[in-house]
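One letter stands for each residue in the lines below.
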Amino acid sequence: MTDVDKMDSLKDLIRKIKPTRVLIQETHMMKINNRWITNLWGNNNCQWKDTPSQGLSGGLLTIWDDTLLEKKNELIGPNTLSHIFKSKTEDFEWTVTNVILMQPEDDVKGTNLEVMEEEEDFSIKLIDLPLNGGLYTWSNMQSDLLLCRLDRVLVSPEFESKFSLLTQTVLSRTLSDHSALLLTTSNVDRKNPPFRIENHWFSNADFLANVKLWWDTMIFHGTPSYIMSKKL
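All of these numbers come straight from a predicted model, not from anything done at the bench.

## Details of helix α1 (residues 4–17)
- Across its 14 residues, α1 extends 20 Å between first and last C-alpha, which sits within 8% of the 20 Å expected from 1.5 Å per residue.
- Burial in α1 covers these residues: Met 7, Ser 9, Leu 10, Lys 11 and Ile 14.
- Tucked into the core, α1 has its buried residues touching β1 (21–25) and α2 (34–41).
- Taken from the residues just after α1, Lys 18 is the one with a positive phi, measuring 55°.

Structure, rendered in structure tokens:
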């Protein structure tokens, strides 16, 4: 994040997407101030928390829109930065954890991950949503190309049930060797008109048979709600 070109690229991305939260890993910054955050976010309607890097290694930063989200609590751990947020538009609270996972990629494969807390002796099952827009999130950016999926957004079953049209999308890589991930809570696409049902369809004798045929021929993989949203 100390690279000027990377900073400008991230600012452009935030202004384009207008997210409610931004989670950044590997800031490589030992000290961050309000002026730097305002320049990155684009206005003063935000709060933030960071964990400083150790020299040029590590560092976490979470920024959120304080006109939409209220911070209820926070917890800082080794390589983690967690917040409990409450929506200002509805009665809903959830926890967001910004984390650098310091373990081999093979340990986090699969669509249903189980995070164990040995001291507390409990487990939380997390869902790794299907990745739209690509298969990989990291590149060595060399002629001898190496591609991996090192980054992901994990959600609880309760969060997935609350926002049944969740999608996780990998965005185009710019200057970083990592691609940003975008988590959206609806399938609204302003480029496409909304799906509508016309009553006269049901007057066609072959309508239901054709719907079943079309439905069965479309194959998607992921959670039931994700499959439903893609078929619709």
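## Brief notes about the pairing of strand β6 (residues 93–99)
- With burial as the criterion, only one face of β6 is covered, namely that bearing Trp 94, Val 96 and Asn 98; the residues Glu 93, Thr 95, Thr 97 and Val 99 on the opposite face remain uncovered.
- The antiparallel hairpin formed by strand β5 (residues 80–87) and β6 contains five residues in its connecting segment.

## Examining the sheet that holds β1
- Taken in spatial order, the three strands of this open sheet run β1-β3-β2, and their pairing is antiparallel. Each of the sheet's edge strands pairs with one partner strand only, and the pair in question is β1 and β2 (46–51). The average undirected angle you get between the axes of adjacent strands in this sheet is 10°.
- With six bridges connecting them, β2 and strand β3 (residues 60–65) associate as antiparallel partners. Its bridge partner being in β3, Gln 47 is matched across the sheet by Trp 64.
- Of the strands in this sheet, β1, β2 and β3 touch α2, which is tilted by about 60° from β3.

Definitions and cut-offs
- Residues numbered from 1 in each chain as written.
- Predicted model: local features only at pLDDT ≥ 70, side-chain atom pairs only at ≥ 80, totals over all residues.
- Heavy atoms only, no water.
- Helix = DSSP H or I, 4+ residues; strand = E, 2+ residues; numbered from the N terminus.
- Expected span 1.5 Å × (residues − 1).
- Buried < 20%, exposed > 50% of the residue type's maximum accessible area, 1.4 Å probe, protein only.
- Contact = heavy atoms within 4.5 Å.
- Pairing = 2+ DSSP bridges.
- Axes fitted to C-alpha atoms, helices over the stretch in contact; angles between N-to-C directions.

These values are about where atoms sit, not about what they do.
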